[in-house]
Amino acid sequence: MHGTISHEALLALVAQRDRQAFRSLYRATAGTLNAVCLGILRDKAVAEEVLQEAYVRVWEHAASFDPAKGTAIAWLVTIARRLALNEIRRRKNAPVAMEDVPEEVDLVAVDKPSETAGASAKLRTCLERLSEDYRRSVILAYVHGLTHAELARRFGRPLGTVKSWVRRGLIDLKECLG
């Protein structure tokens, strides 16, 4: 029923408590959000719990989504990422052991099978347009869950520089994704 509707339109319907729209949104985005959770938590069972909590939050707060501030997928990823990082903090574990994070950032890590081919290709294209520093910072932060401090240590750069890379990378991605 909602197969060709945008994520933004689905969120608007979810805000009106449309269960079918919620199912469609889940089917369209769960792979991506699960990959975010799993990339940060490194534990399938815990990632699935956090993913479930993320969709509870989406159901409860869909009305707060503002398309003027960004894309629906970015909003959803932010919810999942924050919950995964909160789970790490709650368990008092290091988010990711530095040796577990790849030296070279591969764009394949951001492609998820459940995404539509067009959205995946667009994300890949936009990531490829970023400078190497911006791209690596954004992927390591949002796919692998590294904090700004961990990125600064990894790159041997000041914390402010790394924060700027992530912020500017996200701004450039938002503009590119339109």
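Just so you know, these numbers come straight off a predicted model, no measurement behind them.

A separate point is the overall build of the protein. Counting secondary structure elements, the protein contains 8 helices and 0 strands. When the helices and strands of the protein are placed in sequence order, the string is α-α-α-α-α-α-α-α. Here the contacts in the protein between residues at least 6 apart in sequence split such that 64% fall between residues at least 24 apart. Total accessible area on the protein stands at roughly 9,700 Å², and carbon and sulfur atoms take up 52% of it.

It is worth spelling out the packing of helix H2 (residues 19–41) against helix H4 (residues 72–91) at this point. Where H2 contacts H4, the two axes come as close as 9 Å, and the packing angle between them is 35 degrees. When you trace H2 past H4, the crossing you get is right-handed. In this structure, H2 contributes Leu25, Thr29, Thr32, Leu33, Val36, Cys37, Ile40 and Leu41 to the contact, and H4 contributes Ile73, Leu76, Val77, Ala80, Arg81, Ala84, Leu85, Glu87 and Ile88. Across the contact of H2 with H4, the residue classes tally to 13 nonpolar, 2 polar and 2 charged.

Okay, the packing of helix H6 (residues 132–142) against helix H8 (residues 159–177) next. Two packed helices can be described by the angle between their axes and the distance between those axes. Viewed as axis vectors pointing N to C, H6 and H8 meet at an angle of 95 degrees, and their least axial separation amounts to 8 Å. Accordingly, the angle class assigned to the pair H6 and H8 is roughly perpendicular. Residue-level inspection shows Asp133, Tyr134, Ser137, Val138 and Tyr142 of H6 in contact with H8, the latter providing Trp165, Val166, Arg168, Gly169, Leu170, Asp172 and Leu173. In terms of residue class, the contact of H6 with H8 is built from 7 nonpolar, 2 polar and 3 charged.

Our focus in this paragraph is the state of the cysteines. Among covalent bonds in proteins, the disulfide is the one between the sulfur atoms of two cysteines. Applying the stated criterion to the full structure yields 1 disulfide. In this model Cys126 forms its disulfide with Cys176; the gap between the sulfur atoms is 2.0 Å. The sign of the -80 degrees torsion about the S-S bond sets the Cys126-Cys176 disulfide as left-handed. Of the two residues, Cys126 is situated in helix H5 (residues 117–129) and Cys176 in helix H8; the sequence distance between them amounts to 50 residues. With respect to burial, Cys126 and Cys176 carry one shared label: buried.

A separate point is the pattern of salt bridges. Applying the stated rule across the entire model yields 3 salt bridges. A salt bridge links Glu53 to Arg57; its shortest N-O distance comes to 3.2 Å. A residue pair is termed a helical-turn pair when its members lie 3 or 4 positions apart in one helix, as Glu53 and Arg57 do in helix H3 (residues 44–61) at 4 residues. A relative accessible area of 32% places Glu53 in the partly exposed class. Owing to a relative accessible area of 34%, Arg57 belongs among the partly exposed residues under this scheme. For the salt bridge of Arg90 with Glu87, the shortest nitrogen-to-oxygen distance reads 2.9 Å. One end of the pair is Arg90 and the other is Glu87, both in helix H4 and 3 residues apart, which spans about a single turn.

Below, the discussion takes up the nonpolar core. Of all hydrophobic cores here, the largest spans 31 residues; its most connected members are Leu11, Leu25, Leu33, Leu41, Val50, Val58 and Trp75. Listing elements by their share of this core, those giving two or more residues are helix H1 (7–15), H2, H3 and H4. Counting residues per element, this core draws most heavily on H4, at 10 residues.

Basis of the calculations
Here the residue index of a chain counts from 1 through its sequence in written order. In keeping with the model being predicted, local features are shown solely for residues with a pLDDT of at least 70 and side-chain atom pairs are shown and tallied solely at 80 or more, while totals for entire chains, interfaces and linings include all residues. Think of the side-chain values as coming from all heavy atoms in the structure, minus any hydrogens and water. Under the DSSP-based scheme used, a helix requires at least four consecutive residues in state H or I and a strand at least two consecutive residues in state E, with every element numbered from the N terminus. In what follows, residue pairs with any heavy atoms lying within 4.5 Å of each other are defined as contacts. Note on areas: these come from Shrake-Rupley sampling with a 1.4 Å probe, and a residue is covered only by the protein chains present in the view. The angle between two axes is taken between their N-to-C directions and runs from 0 to 180 degrees, where each axis is a line fitted to C-alpha atoms and a helix contributes only its stretch in contact. A crossing counts as left-handed when the near helix is turned anticlockwise from the far one by less than a right angle, and as right-handed when that turn is clockwise. Residues are grouped as follows: Ala, Val, Leu, Ile, Met, Phe, Trp, Tyr, Cys and Pro are nonpolar; Asp, Glu, Lys and Arg are charged; all remaining types, including Gly, are polar. Orientation is classified from the angle alone, with under 35 degrees giving roughly parallel, over 145 giving roughly antiparallel, 65 to 115 giving roughly perpendicular, and any other angle giving oblique. In what follows, a disulfide is any cysteine sulfur pair within 2.5 Å. For each residue, the accessible area found with a 1.4 Å probe, counting protein chains only, is set against the maximum for its type, and the residue is called buried under 20%, exposed over 50%, and partly exposed in between. Just to be clear on terms, a salt bridge is a Lys or Arg side-chain nitrogen sitting within 4 Å of an Asp or Glu carboxyl oxygen. For this analysis, a nonpolar core means a set of buried residues of the types Ala, Val, Leu, Ile, Met, Phe, Trp, Tyr and Cys, connected via side-chain atoms within 4.5 Å.

All quantities given are derived from atomic positions and should not be read as evidence of function.
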